[in-house]
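Listed below, chain by chain, are the residues.
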Amino acid sequence: MKQQKQQRYYVVWVGVTPGIYETWTACQLQIKGYAGARFKSFATRPEAEEAFASRPERYLSRPAASRPAASRPAAVVPSGVLPPEVVENSLAVDAACSGNPGQMEYRGVHVGGRQQLFHFGPVYGTNNIGEFLAIVHALALLDQRGLKMPVYSDSVNAILWVKKKKCRTKLERTGRTEPLFQLIERAERWLQTHPYDTPVLKWETRRWGEIPADFGRK
């Protein structure tokens, strides 16, 4: 008699949507083509849940420093306790700028899993521009991958600019800022040509603490 295949549970710490999956096919959808994906299978659901709540380094024996740079995982932001009103399966974005204008960068972090999903910069610009581009980057990424989750930003200006589909920056367009303005125009075109229903929500810093994508430079 053919022996029944044992059930396995697949933990994805870093991937399209971190979580626990009950089939290898479902797991593959989260990791295939995802640079730095981190995952492992477990024999029981409790083992998988315990692993998912822990750092992947406890279960993946090969240290990150020994792997080629292209295969290293995305940065993991320290986790904390989320307020009940915060949607855990969501994407938080934030920007940081050394001077304003100055060297600007932005990133997106999965709120529940605290994995960094994308990062851009540094490039010469302003914080508000970075916040705007970060939201559009998040919307485009979710649209491209067919994912449904809200996007959090702590910038009122950036959220308004996205709604208006226009970056209302006062930064002067010069040779130095030309590459940034080309990115802005690309983001505006995306907003104008891609209808989306992804909620863009205000992160309430005073009540919830710093947004999970914060760069921690205050």
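Residues numbered from 1 in each chain as written. Predicted model: local features only at pLDDT ≥ 70, side-chain atom pairs only at ≥ 80, totals over all residues. Heavy atoms only, no water.

## A closer look at the side chain of Asp-94
Looking at the element boundaries, Asp-94 is found in strand S4 (residues 91-99). Using a relative accessible area of 3% as the deciding quantity, one classes Asp-94 as buried. Those residues within four positions of Asp-94 in sequence are excluded, and the remaining contacts are Glu-105, Tyr-106, Arg-107, Glu-131, Ala-134, Asp-154, Ile-211, Ala-213, Asp-214 and Phe-215. (Helix = DSSP H or I, 4+ residues; strand = E, 2+ residues; numbered from the N terminus. Buried < 20%, exposed > 50% of the residue type's maximum accessible area, 1.4 Å probe, protein only. Contact = heavy atoms within 4.5 Å.)

## Structural notes on the nonpolar core
Formed by 45 residues in total, the largest nonpolar core has its most connected members in Phe-118, Phe-132, Leu-133, Ile-135, Leu-139 and Leu-180. Contributions of two or more residues to this core are made by strand S1 (9-14), helix H2 (45-52), S4, strand S5 (102-110), strand S6 (116-125), helix H3 (127-145), helix H4 (156-164) and helix H5 (178-193). Examining the composition of this core, we find that 10 residues originate from one element, H3, more than from any other. Setting aside chain neighbours within four positions, we find Leu-180 in contact with Met-104, Val-123, Tyr-124, Gly-125, Ile-129, Leu-133 and Leu-171. (Core = buried A, V, L, I, M, F, W, Y, C linked by side-chain atoms within 4.5 Å.)

## Observations regarding unusual backbone geometry
Omega for the peptide link from Asn-100 to Pro-101 comes to 10°, which places this bond in the cis form. Structurally, Pro-101 can be placed in the loop between S4 and S5. A cis amide bond links Gly-121 with the next residue in sequence, Pro-122, at an omega value of 10°. Following the sequence through the fold, Pro-122 ends up in strand S6. Located in the positive-phi region is Lys-165, a residue other than glycine, with phi close to 60°. On the secondary structure map, Lys-165 appears in the loop between H4 and H5. For Lys-165, a relative accessible area of 36% gives the class partly exposed.

## Focus: the pairing of S6
The sheet contact formed by S5 and S6 spans 7 bridges and is antiparallel. By the bridge assignment, Arg-107 is partnered in S6 with His-119. (Pairing = 2+ DSSP bridges.)

## Examining the sheet that holds strand S3 (residues 38-42)
Spatial strand order, S2-S1-S3: 3 strands in an open sheet with antiparallel pairing. Only two strands of the sheet have a single partner each, and these edge strands are strand S2 (19-21) and S3. Each strand of the sheet is rotated relative to its neighbour by a mean of 25°, with strand direction disregarded. When S1 meets S3, the two strands line up antiparallel, connected through 5 bridges. Its bridge partner being in S3, Tyr-9 is matched across the sheet by Phe-42. Lying on the sheet, helix H1 (residues 24-31) is in contact with S1, S2 and S3; it crosses S1 at an angle near 10°. Contacts from H2 reach S1, S2 and S3 within the one sheet, and its direction differs from that of S1 by about 5°. (Axes fitted to C-alpha atoms, helices over the stretch in contact; angles between N-to-C directions.)

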